[in-house]
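Examination of the molecular architecture
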Amino acid sequence: MKIIRAKDYNDMSRKAANIISAQVIMKPNCVLGLATGGSPEGIYKQLIDWYNKGDIDFSEITTINLDEYKGLSRESEQSYWYFMHHHFFDHVNVRPQKINVPDGTNMNVEEECARYDHIIQAKGGIDLQLLGIGVDGHIGFNEPGAAFELGTHCVDLDESTIEANKRYFEKKEDVPRQAYTMGIKTIMQARKVLMVANGKNKADIIKEAFFGPVTPQVPASILQMHPDFTLIGDEEALSKI
Ligand code: GLP
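Let me begin by describing the structure that accompanies this report. Here the structure is a predicted model, which is why all the values come from computation and not from measurement.

About the criteria used
- Residues numbered from 1 in each chain as written.
- Predicted model: local features only at pLDDT ≥ 70, side-chain atom pairs only at ≥ 80, totals over all residues.
- Heavy atoms only, no water.
- Helix = DSSP H or I, 4+ residues; strand = E, 2+ residues; numbered from the N terminus.
- Rg over C-alpha atoms; globule rule 2.2 N^0.38 Å.
- Buried < 20%, exposed > 50% of the residue type's maximum accessible area, 1.4 Å probe, protein only.
- Disulfide = S-S within 2.5 Å.
- Phe/Tyr/Trp six-rings, centres within 6.5 Å; stacked < 30°, edge-to-face > 60°.
- Lys NZ or Arg CZ within 6 Å of the ring centre and 35° of its normal.
- Axes fitted to C-alpha atoms, helices over the stretch in contact; angles between N-to-C directions.
- Parallel < 35°, antiparallel > 145°, perpendicular 65-115°, else oblique.
- Contact = heavy atoms within 4.5 Å.
- Near = heavy atom within 4 Å.
- Polar contact = N/O pair within 3.5 Å; in protein donor to acceptor, adjacent residues only side chain to side chain.
- Areas by Shrake-Rupley, 256 points an atom, 1.4 Å probe, with all protein chains shown as cover.
- 1 Å grid on protein atoms, 1.4 Å probe; cavity = no way out; pocket = protein on both sides within 12 Å on 5 of 7 lines; lining within 4 Å.
- Sits in = over half its atoms within 2 Å of the grid points.
- Nonpolar A, V, L, I, M, F, W, Y, C, P; charged D, E, K, R; others polar.
- Points joined across faces, edges and corners; volume = space filled by probe spheres on them.
- Pairing = 2+ DSSP bridges.

So, the overall build of the protein chain
- Along the backbone of the protein chain there are 7 helices and 10 strands.
- Taken over the C-alpha trace, the protein chain has a radius of gyration of 17 Å; the compact-globule value for 241 residues is 18 Å, and the two agree within 12%.
- Seen along its three principal axes, the alpha-carbon backbone of the protein chain occupies a region of about 45 × 40 × 35 Å.
- The buried share among the 241 residues of the protein chain stands at 54%.

Put into structure tokens, the structure is as follows:
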């Protein structure tokens, strides 16, 4: 486990974007596992900037997103499909047919999870997985108690996750109660894992996840066992370690 201290959110985003861009330069047809949320937004902004300057080419990459709310369609502004297009895909030359996000409108859970796992397998697994972390230690939407050995599955969201994510919705009642998420087994199989964390509200969970015991109660703690895991945090998020 490698921990990199960044001065602030911009510094964190730039450092993480540098690692992603190195990955794309080293392997132009790599598979990037991507994440949503406020933490990675700055990374996408930086990558778009470098793309506009001609420094990075995304034409051969495949993207596999971590998760999606069950019940939301691609058109819904709160869907992760929409988030990724709005914040990244629409501004760079990723090929639309190489973009993968779980289909929130597929109500057949077994079928959707099998479809997504098949894609990940067919692409040869993930070269670099980007992650944020929830205040309860979730990664993707793997909530506390999630079994470490799962592939893609459907989860019931924790109250604290609904509370944290309601800021994207008009009212709390609009936050879907379920989501599809890549499982921890798949995340752990990624060849490289990169997590970004910023802000005071992440300080406690960062300490618990990476300096406490490895337990399903803190899903991110399993990353202590990953052979190539890097955490980049700003001063506030790393203030307790
Ligand atoms: C959501 C996403 C996670 C993300 C988390 C933290 O629940 N499913 O992938 O890491 O939020 O988001 P933020 O970066 O906005 O704190």
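The structure having been displayed, the exposition proceeds.
Observations regarding the state of the cysteines
- Counted under the stated rule, the structure contains 0 disulfides.
- Looking at the unpaired cysteine 154, the closest cysteine sulfur is the one in cysteine 113, lying at 6.6 Å.

Side note on the packing of aromatic side chains
- Scanning the model with the defined rule gives 9 aromatic pairs in all.
- Taken together, a centroid distance of 6.4 Å and an interplanar angle of 40° make the contact between tyrosine 51 and phenylalanine 58 tilted.
- What makes tyrosine 51 partly exposed here is its relative accessible area of 25%.
- Seen from their ring centres, tyrosine 80 and phenylalanine 141 are 5.9 Å apart, and the 15° between their planes marks the pair as stacked. Of the two residues, tyrosine 80 is situated in helix H3 (residues 80-87) and phenylalanine 141 in the loop between strand E6 (128-131) and strand E7 (153-156); the sequence distance between them amounts to 61 residues. Take tyrosine 80 and phenylalanine 141: they sit in the same class, and that class is buried.
- A connected cluster of aromatic rings, assembled from ring pairs, spans Tyr44, Tyr51, Phe58, Phe88 and Phe89.
- Cation over ring: arginine 74 sits above tryptophan 81, and NZ or CZ is 3.7 Å from the ring centre.

Concerning the packing of helix H2 (residues 38-52) against H3
- The N-to-C vectors of H2 and H3 enclose an angle of 40°; their axes lie 10 Å apart at closest approach. Classified by the angle between their axes, H2 and H3 sit oblique to one another. Here Glu41, Tyr44 and Ile48 of H2 lie close against H3, whose contacting residues are Phe83, Met84 and His87.

Considering the site of the ligand
- In the region of the ligand, 14 residues are neighbours, and Gly38, Ser39, Asp67, Arg167 and Lys202 sit closest.
- Contact distances for the ligand include 2.7 Å between an oxygen atom and a backbone N or O atom of glycine 38.
- At 2.4 Å from an oxygen atom of the ligand is found a side-chain nitrogen or oxygen belonging to serine 39.
- Burial of the ligand by the surrounding chains reaches 92%, relative to a free accessible area of 390 Å².
- More than half of the atoms belonging to the ligand lie within 2 Å of the grid points that define the largest pocket.
- The residue makeup of the shell around the ligand, split by class, is 3 nonpolar, 8 polar and 3 charged.

Re the layout of surface pockets
- Computed from the structure, the largest pocket encloses a volume of approximately 630 Å³.
- Thr36, Gly37, Gly38, Asn165 and Arg167 are, among the 37 residues lining the largest pocket, the residues nearest its centre.
- Take the lining of the largest pocket: its biggest share by element is 5 residues, from H3.
- Looking at side-chain class alone, the lining of the largest pocket contains 14 nonpolar, 17 polar and 6 charged residues.
- Taken together, Asp117, Ile120, Gln121, Gly125, Ile126, Gly151, Lys185, Thr186, Gln189 and Ala190 make up the lining of the second largest pocket.
- For the lining of the second largest pocket, the secondary structure elements donating two or more residues are helix H4 (109-122) and helix H6 (184-189).
- The residue makeup of the lining of the second largest pocket, split by class, is 3 nonpolar, 5 polar and 2 charged.

Overview of H3
- What H3 keeps buried is the set Tyr80, Trp81, Phe83, Met84 and His85.
- At its buried positions, H3 is contacted by strand E2 (31-34), H2, strand E3 (62-65), strand E4 (67-69), strand E5 (99-100) and helix H5 (159-165).

Focus: the sheet that holds strand E8 (residues 178-181)
- Reading across the sheet, the 3 strands line up as E4-E8-E7 and stay open at both edges, with antiparallel pairing between neighbours. The open sheet has two edge strands, E4 and E7, and neither has a second partner. Each adjacent strand pair in this sheet contributes to an overall mean axis angle of 25°, direction not counted.
- Bridge count for E7 against E8 is 4 bridges, and the pairing is antiparallel. Looking at the pairing, histidine 153 lines up with threonine 181 of E8.

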